[in-house]
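The chain contents come next:
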Amino acid sequence: MIAKAPRGTVDLLGSEAEAWLRIQQVAIDVFSRYGYRLVKTPIFEQQQVFVRGIGQDTDVVGKEMFHVLSKNAFEKVSAGGELKSDQKLSLRPEGTAGTIRCAIEHNLIPQGGPTVKLMYAGPMFRCERPQKGRLREFNQIGIECLGAADPSTDAEIIIMLLKFYEELGLPLESTRLLLNSMGDDACRPAYRETIKQYILDHSDELCEECNHRAHTNPLRAFDCKNPECAKVMDGAPKISDALCDDCRDHYAKVKAYLDGAGVEYIEDSRLVRGLDYYTRTVFELQVIDGLGSQNAIGGGGRYDKLMEVMGGPSTPGIGFALGFERTLLALEAAGIGFELGSDTDVYIACIDDDCKACGFKIMQSLRDAKIRADMDHQGRSLKSQFKQAGKMAASYVVVVGPDELAAGEVTVRCMDTHEEERCAIDEVAELVASRMR
Ligand code: AMP
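Here, residues in each chain are numbered from 1, in the same order as that chain's written sequence. Predicted model: local features are reported for residues with pLDDT of at least 70 only, side-chain atom pairs are reported and counted for 80 or more only, and whole-chain, interface and lining totals are derived from all residues. Only hydrogens and water are removed before side-chain values are computed, so all heavy atoms of the structure are retained for them.

**Q** Quick one: what's the story with the pairing of strand β6 (residues 137–146), residue by residue and with numbers?
**A** Note on exposure labels: buried denotes an accessible area under 20% of the residue type's maximum, exposed denotes more than 50%, and partly exposed covers the range between, all computed with a 1.4 Å probe on protein chains only. In this text, helices come from DSSP runs of H or I with a minimum length of four residues, and strands from runs of E with a minimum of two, each type numbered from the N-terminal end. Along β6, nine of the ten residues are buried, which leaves the element largely enclosed by surrounding structure. A pair of strands counts as paired when DSSP detects no fewer than two bridges linking them. Bridge analysis of strand β5 (residues 116–125) against β6 gives ten bridges, and the strand direction is antiparallel. Bridge assignment links M119 to a residue of β6, and that residue is I143.

Take a look at the structure:
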């Protein structure tokens, strides 16, 4: 049997693999200008990090987690045993919970100090039904800003997300920014109850899942993809009418900062986002056309209670994550591609086997001079070595032949102009470097 990549996963090849590097690089360039530093946390964490951080009743934790079992744990579970909590491990479905766990564990939390700004990039795992733009393994780039409750932070990170997409080349006219406030501990519990009651009052018009959500996570009913449910939920009381004075004031200031920066947004009181930890500001960047139902390329929000819930000191926080694969689809939909560059700069072609030792040395000298160089290792004829150089889109071919060798020289051929020049063996790197400049 020939194995295939698991369902919902993709191999990134060629230009897509390079696009991942390029997109990370643009993100790091932009985000570091705003003071963000990279962190790299494990791909799996103790399950409780996600259960406590994201919430047991969310789809992500309740239905979509991949669990990780060591051999011993597997045998224990297979024999009907119970695992200790530190043996229960899961692949990370998102980056925030693990980053907050890391910030608490390493005491990164500012106590009256400046904000701590962290960014990360890497794979996330959710066992969802795969479709276009929805994978089981996908890559995210995200940021977390810890220690600032001020609405200027909310506006700043939204502006930074837009700046990233602008520098990546995605036309912002092809996107829309949705904005909402989800309230806080003072006003959300009452609103949850209102929505629970609304769902119960409309139970016969709503799907089974939404009816279930009334008892677990009523606000998630706003996210239901069933068009009938969406219609019913459109008539539900709006969170914007239920915010307490502090949340209303905070939200108004976020909008004022965005207005001042000329950022356009659409207020969407149905935007609740899937994770329990959000308080106050939430936002989502969507692509208007071409991505179907999975049109959110990035999103995030404020989570002022999360640090405490996870056992750290009470610290406000806010962050976002953007999805690499959907960003790539959005760029494609906008007609923006990533060109795969050439495979090498210089190809060393050797006329016979005796010339190979010298060719091999020249190749190393080029690489030492930071020039990409390659040669044949499969015994090809000279003709097919030239063909190979063409396939690899080499700019120069260095021909090593017995006559030239006898004179201590080689021939350097420019593949564009077909011009050739002789050059001393130990001066090849210098010559090619000067021509490439
Ligand atoms: P979330 O953590 O759900 O807010 O997701 C943040 C971003 O990650 C989304 O806007 C998507 O771009 C991306 N994303 C989330 N889930 C998936 C998935 N299953 N497949 C591909 N990308 C995803």
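Once the structure has been displayed, the description carries forward.
**Q** Tell me about the nonpolar core, residues and numbers included.
**A** Counting residues in hydrophobic clusters, the biggest one holds 94 residues, and the most contacted among them are I23, F31, F164, Y165, M233 and F320. The greatest single-element share of this core, amounting to nine residues, is contributed by helix α6 (residues 151–168). In what follows, a contact means two residues having at least one pair of non-hydrogen atoms within 4.5 Å. Every residue in contact with F164, bar those within four places of it in the chain, is listed here: I23, V26, A27, V30, F31 and L322. Residues enter a nonpolar core if they are buried and are Ala, Val, Leu, Ile, Met, Phe, Trp, Tyr or Cys, with the set joined through side-chain atoms within 4.5 Å.

**Q** Describe in detail the site of the ligand, supporting the description with residues and values.
**A** The environment of the ligand is formed by 14 residues, the closest being R126, E128, L135, Q140 and R273. One nitrogen or oxygen atom from the main chain of L135 is found 2.9 Å from a nitrogen atom belonging to the ligand. Residue Q140 places a side-chain N or O atom 3.0 Å away from an oxygen atom belonging to the ligand. Secondary-structure elements contributing two or more residues to the shell around the ligand are β6, β10 (296–302) and β11 (317–323). Of all the elements, β10 adds the most residues to the shell around the ligand, at three residues. Side-chain classes are defined by residue name, with Ala, Val, Leu, Ile, Met, Phe, Trp, Tyr, Cys and Pro counting as nonpolar, Asp, Glu, Lys and Arg as charged, and the others, Gly among them, as polar. When grouped by side-chain class, the residues that make up the shell around the ligand number five nonpolar, four polar and five charged. If a single non-hydrogen atom of a residue is within 4 Å of a molecule or strand, that residue counts as near it. N or O atoms within 3.5 Å of each other form a polar contact, as long as, within protein, one can give a hydrogen and the other can take it, and as long as residues adjacent in sequence are counted only when both atoms are side-chain atoms.

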